[in-house]
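Overview (structure and organization)
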Amino acid sequence: MKHKLRTSCLIISGILTLIMTFFVPIRGGSASLIFILSIPSFVFSGILSAIGYWHVTEKSKLKYVHDVTFVLLLITLLGLELYFYPYTN
């Protein structure tokens, strides 16, 4: 994948929590407050990850470093978003 597409994927993965609201129901009460507070932090994390990935690609010319960095950042973002999503049982 090209670096611009990977950077875009990292930014979009930061918005995944917002996209999931259309498909997965949210608990009420304090979970909704946690949800409202977590959206900006995950969007910010996605943007920060994209900036970090872009910085790594500028510094390193080794392809495996780019691949490993992208996969680690993407798995971390997706894992955190899925873990902290306040879904109903």
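The structure we're discussing is the one just above.
Treat the numbers as computed from the prediction; the structure is a model and nothing was measured. (Residues numbered from 1 in each chain as written. Predicted model: local features only at pLDDT ≥ 70, side-chain atom pairs only at ≥ 80, totals over all residues. Heavy atoms only, no water.)

Of the regular secondary structure elements, the protein chain holds four helices and zero strands. Moving toward the C terminus, one meets the helices and strands of the protein chain in the order α-α-α-α. Overall, the C-alpha framework of the protein chain stretches about 50 × 20 × 15 Å when taken along its three principal axes. A total of 89 residues make up the protein chain; the buried ones form 28% of that total. For the protein chain, long-range pairs separated by at least 24 residues make up 81% of all intrachain contacts whose partners lie at least 6 apart in sequence. (Helix = DSSP H or I, 4+ residues; strand = E, 2+ residues; numbered from the N terminus. Buried < 20%, exposed > 50% of the residue type's maximum accessible area, 1.4 Å probe, protein only. Contact = heavy atoms within 4.5 Å.)

Next up on the list: the pattern of salt bridges. One pass over the full model with this rule turns up two salt bridges. The salt bridge partner of Arg-6 is Asp-67, with a shortest N-O separation of 2.8 Å. Of the two residues, Arg-6 sits in helix 1 (residues 3-14) while Asp-67 sits in helix 4 (residues 63-84), which places them 61 residues apart along the sequence. Taking the relative accessible area as the measure of exposure, Asp-67 reaches 25% and is therefore partly exposed. As a salt-bridge pair, Asp-67 and Lys-63 come within 3.5 Å of each other at their nearest N and O atoms. Of this pair, Asp-67 and Lys-63 are both found in helix 4, four residues apart, which corresponds to roughly one turn of the helix. Classification of Lys-63 by relative accessible area gives exposed; the value is 55%. If you follow the salt bridges from partner to partner, you end up with Arg-6, Lys-63 and Asp-67 in one network. (Salt bridge = Lys/Arg side-chain N within 4 Å of Asp/Glu carboxyl O.)

Overall, the coordinates contain two aromatic pairs when judged by the stated rule. Ring centres of Tyr-83 and Phe-84 lie 5.0 Å apart, and the angle between their planes is 80°; on these two criteria the pair is classed as edge-to-face. Phe-84 gets classed as partly exposed once you look at its relative accessible area, which sits at 45%. (Phe/Tyr/Trp six-rings, centres within 6.5 Å; stacked < 30°, edge-to-face > 60°.)

Mapped onto the secondary structure, Glu-81 falls in helix 4. Each residue touching Glu-81, except ones within four places of it in the same chain, is listed here: Ser-13, Gly-14, Ile-15, Leu-16, Thr-17 and Phe-42.

Take helix 4 next. Compared with the 32 Å implied by 1.5 Å per residue over 22 residues, the 32 Å span of helix 4 between its first and last C-alpha is a close match. Of the positions making up helix 4, those classed as buried are His-66, Thr-69, Phe-70, Leu-77 and Glu-81. Each buried residue of helix 4 sits inside an arc of 100° when the element is viewed along its axis, so together they form one side. Residues of helix 4 that are exposed and point over 90 degrees away from its buried face: Tyr-64, Leu-72, Ile-75 and Tyr-83. (Expected span 1.5 Å × (residues − 1). Arc of directions from axis to C-beta.)

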